[in-house]
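Spelled out from the first residue to the last, the chains are:
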Amino acid sequence: MDGARTPQTPPVLILLGPPGAGKGTQARMLEKEFGLVQLSTGDLLRAAVAAGSDAGQAAKAVMEAGGLVSDDIVLAILRDRLAAGDCAKGVILDGFPRTTAQAEALDEMLAEAGQRINAAILLEVDDVKMVVRIAGRFTCRACGEGYHDTFKAPKVADTCDCCGAQAMNRRADDNPKTVMSRLDAYHEQTAPLIAYYTDKGVLRRVDAMQEIAAIQGAIGALARTVVA
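Conventions adopted
Residues numbered from 1 in each chain as written. Predicted model: local features only at pLDDT ≥ 70, side-chain atom pairs only at ≥ 80, totals over all residues. Heavy atoms only, no water. 1 Å grid on protein atoms, 1.4 Å probe; cavity = no way out; pocket = protein on both sides within 12 Å on 5 of 7 lines; lining within 4 Å. Points joined across faces, edges and corners; volume = space filled by probe spheres on them. Nonpolar A, V, L, I, M, F, W, Y, C, P; charged D, E, K, R; others polar. Helix = DSSP H or I, 4+ residues; strand = E, 2+ residues; numbered from the N terminus. Buried < 20%, exposed > 50% of the residue type's maximum accessible area, 1.4 Å probe, protein only. Arc of directions from axis to C-beta. Contact = heavy atoms within 4.5 Å. Axes fitted to C-alpha atoms, helices over the stretch in contact; angles between N-to-C directions. Parallel < 35°, antiparallel > 145°, perpendicular 65-115°, else oblique. Pairing = 2+ DSSP bridges.

Caption draft 1: Quick peek at the layout of surface pockets. What the largest pocket holds in volume is close to 1,400 Å³. Lining the largest pocket are 38 residues, with Gly-20, Gly-22, Thr-25, Arg-133 and Arg-137 positioned closest to its centre. Residue composition of the lining of the largest pocket, grouped by class: nine nonpolar, 14 polar and 15 charged. The volume enclosed by the second largest pocket comes to roughly 300 Å³. Considering the residues around the second largest pocket, the lining is formed by 16 residues, among which Gly-17, Pro-19, Arg-98, Tyr-186 and Thr-190 are closest to the centre. At the level of secondary structure, the elements contributing two or more residues to the lining of the second largest pocket comprise strand E1 (12–16) and helix H7 (176–189). When residues of the lining of the second largest pocket are assigned to their parent elements, the largest contribution, four residues, is made by H7. Split into classes, the residues belonging to the lining of the second largest pocket amount to nine nonpolar, four polar and three charged.

Structure representation (structure tokens):
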């Protein structure tokens, strides 16, 4: 099986990669360039709960009870979202699936609508360098501008280049130990998707240790092969 599709079938792309690989950034760029819609699990759940759909109400009940939303509920919410008019040009899935079981269930759901995964784009990174990349991140509390200890330090220490505020913020989980734990979890739970989508003939690889513009160019070139 390859990523071919009929002209009437909206393309479905997946971005794979560990935390900090840049999936969200690249998904937003794909949205802008190709008119695709980025669908992230968290955003989908929040929107469904706010809309009060049947699946959203089910998700709300689980979350309020402190539980994990089941794959069935997530897929029901995703099915509803894919039927919306703005998804007619295609979508980018960011953060789902995370396991082969979810991938299999997603394939079945898409098949019901005559769709399939057209490309699973893997953002490949170096674990050691990723620890440095993520653990060095911080942002301006006032305007949200992002910085990095090594790659993008503010011109004046602790002062935002954009708004001049002296209020920097570091996420508590952006430390070497936590980052390594997140990478380990990724390799254990999500990396098997690489083999899954390789077998399907739709896996595409991109070096995500490049500059953002270079990554964007590589992903864009891949996207053009399935987005017409």
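That covers the picture; the talk isn't over yet.
Caption draft 2: Representation of helix H2 (residues 41–51). When H2 is considered as a whole, its buried residues turn out to be Thr-41, Leu-44, Leu-45 and Ala-48. The buried residues of H2 all sit within an arc of 95° when viewed along its axis, so they share a single face. Away from its buried face by more than 90 degrees, H2 exposes Arg-46 and Ala-50. In this structure, the buried residues of H2 make contact with strand E2 (37–40), helix H3 (54–64), helix H4 (71–82) and strand E3 (91–94). With its phi angle positive at about 75°, Gly-52 sits one or two positions after the end of H2.

Caption draft 3: Representation of the packing of H2 against H4 in the model. Where H2 contacts H4, the two axes come as close as 10 Å, and the packing angle between them is 80°. The orientation of H2 relative to H4 falls into the category roughly perpendicular. Seen from H2, the contacting residues are Thr-41, Leu-44, Leu-45 and Ala-48; seen from H4, they are Val-74, Ile-77, Leu-78 and Arg-81. Grouping the constituent residues of the contact of H2 with H4 by class yields six nonpolar, one polar and one charged.

Caption draft 4: Geometry of the sheet that holds strand E5 (residues 137–140). Spatially, the three strands line up as an open sheet ordered E6-E5-E7, and their pairing is antiparallel. In the strand order of this sheet, the two ends are held by strand E6 (146–148) and strand E7 (168–169), each with one partner. With three bridges connecting them, E5 and E6 associate as antiparallel partners. Each residue of the ladder has a partner; that of Phe-138, found in E6, is Tyr-147.

Caption draft 5: Local environment of the environment of Leu-122. Following the sequence through the fold, Leu-122 ends up in strand E4 (residues 119–124). Under the relative-accessibility criterion, Leu-122 is labelled buried at 3%. Separated by 83 residues in sequence, Leu-122 and Arg-205 place their C-alpha atoms 4.8 Å apart. The residues contacting Leu-122, other than those within four sequence positions of it, are Leu-16, Gly-17, Tyr-186, Ile-194, Leu-203, Arg-204, Arg-205 and Val-206.

Purely geometric stuff here, so don't read any function into it on its own.
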